[in-house]
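Residue-level listing of the chains:
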Amino acid sequence: MAQAIRPLALVTGASTGIGRELAKEAANHGYDLLIAADEPEIEAAATELRALGANVDTVQADLSTTEGVDKLLAAVRGRPVEALLANAGRGLGHGFLDQDFNEARQVVDTNITGTIYLIHKVGQEMRARNAGKILITGSIAGFMPGSFQAVYNGTKSFLNSFSFALRDELKDTGITVTCLMPGPTETEFFERGELMDTSVGQAKKDDAGMVARVGFEAMLKGEGDVVSGWKNKIQSAVANVLPAGVTAALHRGMAEPGSGKQ
Ligand SMILES: NC(=O)c1ccc[n+]([C@@H]2O[C@H](COP(=O)([O-])OP(=O)(O)OC[C@H]3O[C@@H](n4cnc5c(N)ncnc54)[C@H](OP(=O)(O)O)[C@@H]3O)[C@@H](O)[C@H]2O)c1
């Protein structure tokens, strides 16, 4: 039977992919969980996590909206959130002018607005206790202009930058902020983002469990950032020294519709 009192981890986007694996890491490290996603699949994730010994509460809410984040915050029920894993996010392929603007806005509202609203609220509660760990899922996509994923890469650039800034602001407190920057990872992300006909959509990708392990360890150690996988470490280091026009052209090769095998 699960123990009554364990530290609480809040994980967003925990129904699939990296978030589900982050939630498993938390359960295996003795945390109870409050997990959230937009669709009913979150209940299947909860069943899996309970089998690992965690007490698990679920929230189904659209975290791109203030109301959705408020619903999640209400489910905290005043408990101290020891670890906040702000992971929910989505991508969107195709040329910017060919995208449905409402879908592009959903990417911004989920990846940026909903994420920082949640961090604002939970961060204030952490500051009152002078304790807490925050893990933000950024991306190595944030290091390069993302031709044919322009809005998505912009949101990840925002999150990478935001994470370092918040970390610095909180450097004299008991709160740590860590940015997990994965490279292409085997999840539902590419299918949902209509990227399956692209070179990156069809490429061999990292295992989501590995990515989550690396990110969770970095969060526990209070590190500032971690790029998962050695190929991604090289790619992000190279992207940092190349002119932005060059990395945009490289990104075109990965994300342009039809760049994958037909
Ligand atoms: N896969 C990669 O190559 C890769 C690389 C770098 C960074 N990342 C980042 O990793 C994070 C997780 O993505 P993933 O690859 O694991 O993709 P995924 O399998 O598609 O998982 C995305 C998760 O976010 C949730 N989500 C998305 N929009 C939401 C919304 N508006 N409200 C509530 N929940 C929402 C999804 O739940 P629902 O299904 O219920 O909407 C799902 O649980 C994202 O921030 C992504 O940008 C991914």
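Residues numbered from 1 in each chain as written. Predicted model: local features only at pLDDT ≥ 70, side-chain atom pairs only at ≥ 80, totals over all residues. Heavy atoms only, no water.

Per an unreviewed UniProt entry, the protein goes by the name SDR family NAD(P)-dependent oxidoreductase and belongs to Muricoccus vinaceus.

Chemist: Please give an account of the layout of surface pockets that cites residues and values.
Modeler: Here the second largest pocket defines a volume of roughly 210 Å³. Breaking the lining of the second largest pocket down by element, the ones donating at least two residues are helix H4 (101–129) and helix H5 (150–169). A per-element tally of the lining of the second largest pocket places H4 first, with 6 residues. Tallied by class, the residues present in the lining of the second largest pocket amount to 7 nonpolar, 3 polar and 2 charged. (1 Å grid on protein atoms, 1.4 Å probe; cavity = no way out; pocket = protein on both sides within 12 Å on 5 of 7 lines; lining within 4 Å. Points joined across faces, edges and corners; volume = space filled by probe spheres on them. Helix = DSSP H or I, 4+ residues; strand = E, 2+ residues; numbered from the N terminus. Nonpolar A, V, L, I, M, F, W, Y, C, P; charged D, E, K, R; others polar.)

Chemist: With reference to specific residues and values, describe the sheet that holds strand S6 (residues 175–181).
Modeler: Pairing within the open sheet is parallel, and its 7 strands lie in the order S3-S2-S1-S4-S5-S6-S7. Each having just a single partner strand, strand S3 (56–60) and strand S7 (225–227) make up the two edges of the open sheet. Strand-to-strand twist of the sheet, defined as the mean angle between neighbouring strand axes without regard to direction, takes the value 15 degrees. Of the pairings in the sheet, the one linking strand S5 (residues 132–137) to S6 comprises 6 bridges and is parallel in character. From the neighbouring strand, Ile134 faces S6, where its bridge partner is Val177. This element, helix H8 (residues 208–221), spans strand S4 (81–86), S5, S6 and S7 of the sheet and lies at about 160 degrees to S6. (Pairing = 2+ DSSP bridges. Axes fitted to C-alpha atoms, helices over the stretch in contact; angles between N-to-C directions. Contact = heavy atoms within 4.5 Å.)

Chemist: Mind laying out a nonpolar patch on the surface, listing which residues take part and the relevant values?
Modeler: Together, Phe96, Leu97 and Phe101 line one region of the surface with nonpolar side chains, adding up to about 370 Å² of accessible area. Looking at the secondary structure, you find Phe101 in helix H4. (Patch = residues over 30% accessible without salt bridge, like charges linked within 9 Å, V, L, I, M, F, W, Y side chains within 5 Å. Areas by Shrake-Rupley, 256 points an atom, 1.4 Å probe, with all protein chains shown as cover. Salt bridge = Lys/Arg side-chain N within 4 Å of Asp/Glu carboxyl O.)

Chemist: How would you explain the pairing of strand S1 (residues 8–12) if you had to name every residue and give the values?
Modeler: Counting buried residues in S1 gives 5 out of 5 residues, a clear majority hidden from the surface. For S1 and strand S2 (residues 32–37), the ladder comprises 5 bridges, and the chain directions are parallel. Bridge assignment links Thr12 to a residue of S2, and that residue is Ala36. Read as a crossover between parallel neighbours, the route from S1 over helix H1 (residues 17–28) to S2 is right-handed. The sheet contact formed by S1 and S4 spans 4 bridges and is parallel. In the sheet register, Leu10 faces S4, and the bridge partner there is Leu84. (Buried < 20%, exposed > 50% of the residue type's maximum accessible area, 1.4 Å probe, protein only. Right-handed = clockwise from strand over helix to strand, strands pointing away.)

Chemist: Describe the site of the ligand, listing the residues and the values that go with them.
Modeler: Of all residues adjacent to the ligand, which total 33 residues, the nearest are Ser15, Glu39, Tyr152, Thr185 and Thr187. Within the side chain of Thr16, one N or O atom sits 2.9 Å away from an oxygen atom of the ligand. Backbone polar atom of Ala61 to a nitrogen atom of the ligand: 3.4 Å apart, as the coordinates give it. Contact with the protein chains covers 98% of the free accessible surface of the ligand, which is 880 Å². At 3 residues, the largest contribution of residues to the shell around the ligand is made by helix H6 (residues 189–192). Classifying every residue of the shell around the ligand gives 11 nonpolar, 15 polar and 7 charged. (Near = heavy atom within 4 Å. Polar contact = N/O pair within 3.5 Å; in protein donor to acceptor, adjacent residues only side chain to side chain.)

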